[in-house]
Every structure is written in structure tokens, then in C-alpha cells.
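# Coordinate analysis (summary)
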Amino acid sequence: MSTAPVKASLQTGLNLLVFAVLGTIVLTFTFNLTRDRIIKSVEDEKLKLIMQIVPPALFDNDIIKDTLIIPASKQLGTDRPATAYRARLQGKPSVVVLETVAPDGYSGKIEMIVAIREDAALAGVRVVRHKETPGLGDYIEFAKNRWISLFDGASHARYKEEGDWKVRKDGGQFDYMAGATITPRAVVKAVHKTLHYYEENRDQLFAAAKPLSQQESKQ
Amino acid sequence: MKTQQFKEILHNGVWKQNAGVVQLLGLCPLLAVSNSVVNGISLGLATAFVMAMSGAAIAPIRSYVPNEIRIPVFILIIAVLVTVVQYAMNAYMYGLYVVLGIFIPLIVTNCIVLARVEAFASKNPVLPSTLDGLAMGLGLAAVLGVLGGMREIIGRGTLLSGIDLALGDAAKNWVIHVIPDYQGFLLAILPPGAFIGLGLLIAGKNWLKLREEHKARGNSANVAPVEGGCAVSHGN
């Protein structure tokens, strides 16, 4: 067997390697250049959403800094630790913003933030990320439709029955739009579970800025 | 580079060999994101940028790349450029980045990019290659923009919706409500609208070409069948 083919493949391999290394250098450079900016963009976007659902009159603290890490919870649909943002007025708890996930959207998870007032009424809900069908299921986005405002002010005091927390098609109190029922069904269910979570963990959620321990969250 | 060549490359890319309506390459993003003008043009410009840069990057190294591994090397370079664009959009145009989502990384698999690199940049000097990539990309962006405009007007009755995602909050008032109080026509927004719209655009382009030929022959000869009317897409 001659060594020519071996040499040729080694040379081609080396050539490919050089390009791979060059490419990696360019990418590393760009990544480092844009990293801080990307983190800031994501935070800004989140803050913007939080500001939409937490009334400015209800807090005077720095919401983004007053956080609590909540371990992954079945009730919130989260499979990794999530952040809770606490709004306080003159030191007194007023609103908590919980990150929650509806696992059963039409095409996968729907990530949301849910703001709950201290008296267990919803201040508002916003969808952070979803993959629902454009033009059909995406009316859960505030930018596309006001549907999500149905949750503003909703509470167990207003909708007393468990069955009320469903879309109208299933006998509940929440409207939906023809063409997409699975999406709002998932959203309503997740919001309701989040409200339950809040009612069960209210005191811990507003407690000092220490992580919620595993035991407390398991209940 | 002579002016003549310059003009020819430009004309070829934007009109005669248009990626969207003549070569029918890169249909996947074309059909998926052309549901509004802003989405269409944004992805079109991102693609044009990647194409110009990949032309500029590949032309100077074309003699150093062994023939057997040229495709992997080209893909590698294109992927790096696309990722750079993705990072940049993620950092500076976050809203748009979220809207275009998966279609930004998918520029890598858009076969028009590799097709131009393989057909042109691997055989030509830097300047013409860059221009060729840019012209082809702009041609695609134009089709995406027109198709996006058609679908947006018919589907939602607006134009330029979402412009604030690309240019910041200041542009929020630029949205034009072409048809006030429009209820929307879902078909145009969903994928079928893209196919129907693209079909109409191709038909329009062919009609123009046919008329041109007709004129050139002094209106005497019979109308010839449209050349390339049965072109087959070579990929996505």
C-alpha cells in the first residue's frame, strides 16, 4: 500500500482543521463582543413585560433586584429554577411576578410571567415565549391581541368554582377564539395552577431574599 | 472590474437570475417569513449580508481549498458568518431576533448561499464575488419584501407592522393601515398564502419576460412557451 493516499488525506484533514480553528476564533471573538449586550437585551425585554403588568403605583423598590429563586416546581410547570420578582410599596409586599410554563400548548411549552397582587388577585399575565401557530394560536401575545388581559383582576374571589378556571368551551369563564382552543386552555390551566401556588406559598414568596428551600416548595 | 461586468452581475442577481422567482432557490425561508414586509426584508437583508460576506471570504482562499473538501469548508465559513449575524441581531435587534427566530440560523441551509459560492465565488476574484453575493441577496430580499407586502396587506390590512422591532420604538407610528377596520384574511398569513403569492410573482415575472421577447421580435412571431417555466427547486 502506498503512502500517497494517507498523505493526501492527512493534508486535507489538516486543511479542514485550519479552517475550523479560524472559524472558532472568529466566533469566540463575536460571542465575547456581544455577550453582555445580549444578556442586557433579554433582561430589558423581561423588565418591559413586568412593567406592563405591575402597576407603577404599587411599588417603589427595584423589582429586578428583589428576586427569589424558586426551585423547579411541577405546579409552575418549570423544570429548572425560576425567578420570582417581588414588588413592594414602602417595604410592604404588593405584587409578586412568577415565571411559569404551560407545558401543554399546541406546539410545545408556553413560557409566561404571572403577576399576582398581595390579595391573591392577578395583576396581569404576559407570554414570554411560545411556538403556537402564527395567526391562530398567537393571540395569547399581548402585542397581537388583548385576550391575555382577561386575567387582569381575576381571582378566586371572582371565579369561585374550580370549573370557572377553564375556557368557555369547557364550561369555564374564559373566552377563547375559534380556531385555537388548545392554546388558551393550556394558558388558563397554567395561570390557575400558578395562582394556587401563590396561595399556598404566599408567605415564603415575600420572605427575605433567601432561596426557597426544597422542602417548602414540595409541600 | 469593468463597469460592464459590474452592471451585468447586478442585473443578473437582482433581476434576470433572481433567486426567489427565477432560480427558485431558498424557498424555505422565503415561504416561512414572508408574512410581513418587515420580516421579509429583514431576513432578506441578513441573507444578502451573509452572501456578500461569504463571497468576499471564499474568493481569496479559493485556490487554497482542496477540491474534495471545498463544500465542507464553504459550509463552515457560511455557518460562521451566519452565527456572527445571529449574535449581532440578538444583541442589537432583540425584538426582530425573536420574531425571525429559527430562520436566522437556517440561512446556513439556504441553498442559494452555497449555490452562489460554489458557482461564482469559487471561480472569481474577490470584488465580483462580493458583488454577486450582494446582488443575489438583494434580489431575494426584494422578492421577500414584495411577497411580505402582499401577504400583509391581504392578511392583515397593514404595511410595515413590526417596524419598531427593527428600528426601535421611534418607528412605531410608521405602520400604515391600508385597509381600516380590516378583519384579516388568515389564508394570506398562513403558508398557503406564501405559495399562492409566490406563484403569482413568478407568473408576473414570466409575463414581463414574455412581453419583452414579444416586443423584441416586433410582435410578429408566435408567443414562445415560457423558458424555465418548469424549473425545479434544487433544495429547500
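As the structure is a computational prediction, the values presented were derived from the model and not from experiment. (Residues numbered from 1 in each chain as written. Chains lettered and ligands numbered in written order. Predicted model: local features only at pLDDT ≥ 70, side-chain atom pairs only at ≥ 80, totals over all residues. Heavy atoms only, no water.)

Here we take up the overall build of chain A. The helix and strand inventory of chain A stands at three helices and five strands. The C-alpha atoms of chain A give 23 Å as radius of gyration, which overshoots the globular expectation for 219 residues (17 Å, by more than 25%). Oriented by its inertia axes, the alpha-carbon framework of chain A measures out at about 85 × 45 × 35 Å. In chain A, buried positions account for 42% of the 219 residues. In chain A, the share of contacts with a sequence separation of at least 24, taken over all contacts with a separation of at least 6, comes to 50%. When the accessible area of chain A is evaluated, it comes to approximately 11900 Å², of which 58% is carbon and sulfur surface. (Helix = DSSP H or I, 4+ residues; strand = E, 2+ residues; numbered from the N terminus. Rg over C-alpha atoms; globule rule 2.2 N^0.38 Å. Buried < 20%, exposed > 50% of the residue type's maximum accessible area, 1.4 Å probe, protein only. Contact = heavy atoms within 4.5 Å. Areas by Shrake-Rupley, 256 points an atom, 1.4 Å probe, with all protein chains shown as cover.)

So, on to the interface of chain A and chain B. Contact residues are listed per partner, giving 20 residues for chain A and 20 residues for chain B. Note on chain A versus chain B: buried area summed over both sides is about 1800 Å², and carbon and sulfur give 79% of it. One can count zero salt bridges joining chain A with chain B. For the side of chain A that touches chain B, the class distribution of residues is ten nonpolar, eight polar and two charged. (Buried area = accessible area lost by both parts, 1.4 Å probe. Salt bridge = Lys/Arg side-chain N within 4 Å of Asp/Glu carboxyl O. Nonpolar A, V, L, I, M, F, W, Y, C, P; charged D, E, K, R; others polar.)

Attention now goes to the pairing of strand S3 (residues 92–105) of chain A. Residue and element names in this part refer to chain A. Burial analysis of S3 places ten of its 14 residues in the buried class, which makes it a mostly covered element. With six bridges joining them, strand S2 (residues 82–89) and S3 adopt antiparallel strand pairing. Among the inter-strand pairings, Leu89 is bridged to a residue of S3, identified as Lys92. Here S2 folds back onto S3, and the loop between the two strands holds two residues, one of which, Gln90, carries a positive phi near 50 degrees. Bridge analysis of S3 against strand S4 (residues 108–117) gives nine bridges, and the strand direction is antiparallel. Pairing of Thr100 across the sheet is with Met112, part of S4. Hairpin geometry of S3 and S4 is characterised by an intervening segment of two residues between the two adjacent antiparallel strands. (Pairing = 2+ DSSP bridges.)

The next thing to look at is the nonpolar core. In terms of nonpolar packing, the biggest core is built from 51 residues, with Leu30, Val50 and Leu198 of chain B touching the most fellow members. Secondary structure elements with two or more residues in this core: helix H2 (27–33), helix H3 (37–61), helix H4 (70–92), helix H5 (94–100), helix H6 (111–121), helix H7 (126–156), helix H8 (163–167) and helix H10 (191–216) of chain B. Top element by residues in this core is H4 of chain B. It accounts for eight residues. Of all hydrophobic cores here, the second largest spans 36 residues; its members include Ile116, Ala190, Leu195 and Leu205 of chain A. (Core = buried A, V, L, I, M, F, W, Y, C linked by side-chain atoms within 4.5 Å.)

All names here are of chain A. Throughout the structure, instances matching the rule amount to 17 salt bridges over all chains. The salt bridge involving Asp66 is made with Arg88; its shortest N-O contact spans 2.7 Å. Of the two residues, Asp66 sits in the loop between helix H1 (4–53) and strand S1 (67–70) while Arg88 sits in strand S2, which places them 22 residues apart along the sequence. As far as burial versus exposure is concerned, Asp66 and Arg88 are alike and both buried. Across the salt bridge formed by Asp119 and Arg117, the nearest N and O atoms sit 3.7 Å from each other. Within this structure, Asp66, Arg86 and Arg88 form a network of salt bridges that share partners.

What follows concerns the pairing of S1 of chain A. All names here are of chain A. The two faces of S1 differ: Leu68 and Ile70 on one face are buried, but Thr67 and Ile69 on the other face are not. Judged from the four bridges that link them, S1 and S2 form a sheet pairing that is antiparallel. The residue of S2 that forms the bridge with Ile70 is Ala82.

One way to see where empty space is left: roll a probe the size of a water molecule over the atoms. Residue and element names in this part refer to chain B. Enumeration over the complete set of coordinates arrives at one cavity of 30 Å³ or more. Taken as a whole, the largest cavity encloses approximately 40 Å³ of empty space. Along the walls of the largest cavity sit Met51, Ser54, Gly55, Val113, Arg116, Val117, Ala121, Ser129, Asp132 and Gly133, which together make up its complete lining. Breaking the lining of the largest cavity down by element, the ones donating at least two residues are H3, H6 and H7. Looking at the lining of the largest cavity, the element that brings in the most residues is H6, giving four residues. Among the residues forming the lining of the largest cavity, the class breakdown is four nonpolar, four polar and two charged. (1 Å grid on protein atoms, 1.4 Å probe; cavity = no way out; pocket = protein on both sides within 12 Å on 5 of 7 lines; lining within 4 Å. Points joined across faces, edges and corners; volume = space filled by probe spheres on them.)

Looking now at the confidence of the model for chain B. Residue and element names in this part refer to chain B. Counting all residues, the mean pLDDT for chain B is 82, and 92% of those residues have values of 70 or more. Residue range residues 223–236 is modelled with pLDDT below 50. Its contacts to residues more than four positions away, or to other chains, number 19 contacts. Reported for the predicted complex are a pTM of 0.71 and an ipTM of 0.73. (pLDDT = per-residue confidence, 0-100.)

Quick look at H6 of chain B now. Turning to H6 of chain B, its buried residues number three or more, namely Cys111, Ile112, Val113, Arg116, Val117, Phe120 and Ala121 of chain B. Contacts from the buried residues of H6 of chain B go to helix H1 (3–16), H3, H4 and H7 of chain B.

Another point: the sheet that holds S3 of chain A. Residues and elements named next belong to chain A. Reading across the sheet, the five strands line up as S1-S2-S3-S4-S5 and stay open at both edges, with antiparallel pairing between neighbours. Both outer strands of the open sheet, S1 and strand S5 (122–129), are each paired with one neighbouring strand and no more. Here the strands of the sheet are splayed against their neighbours by 25 degrees on average, with no regard to which way each runs. Pairing geometry for S4 and S5, over six bridges, is antiparallel. Note that in S5 the partner of Ile116 across the bridge is Leu122. Taken strand by strand, H1 contacts S2, S3, S4 and S5, and its axis lies near 155 degrees from that of S5. On top of the sheet, helix H2 (residues 182–206) reaches S1, S2, S3, S4 and S5; it is set at about 145 degrees to S3, its chief contact. (Axes fitted to C-alpha atoms, helices over the stretch in contact; angles between N-to-C directions.)

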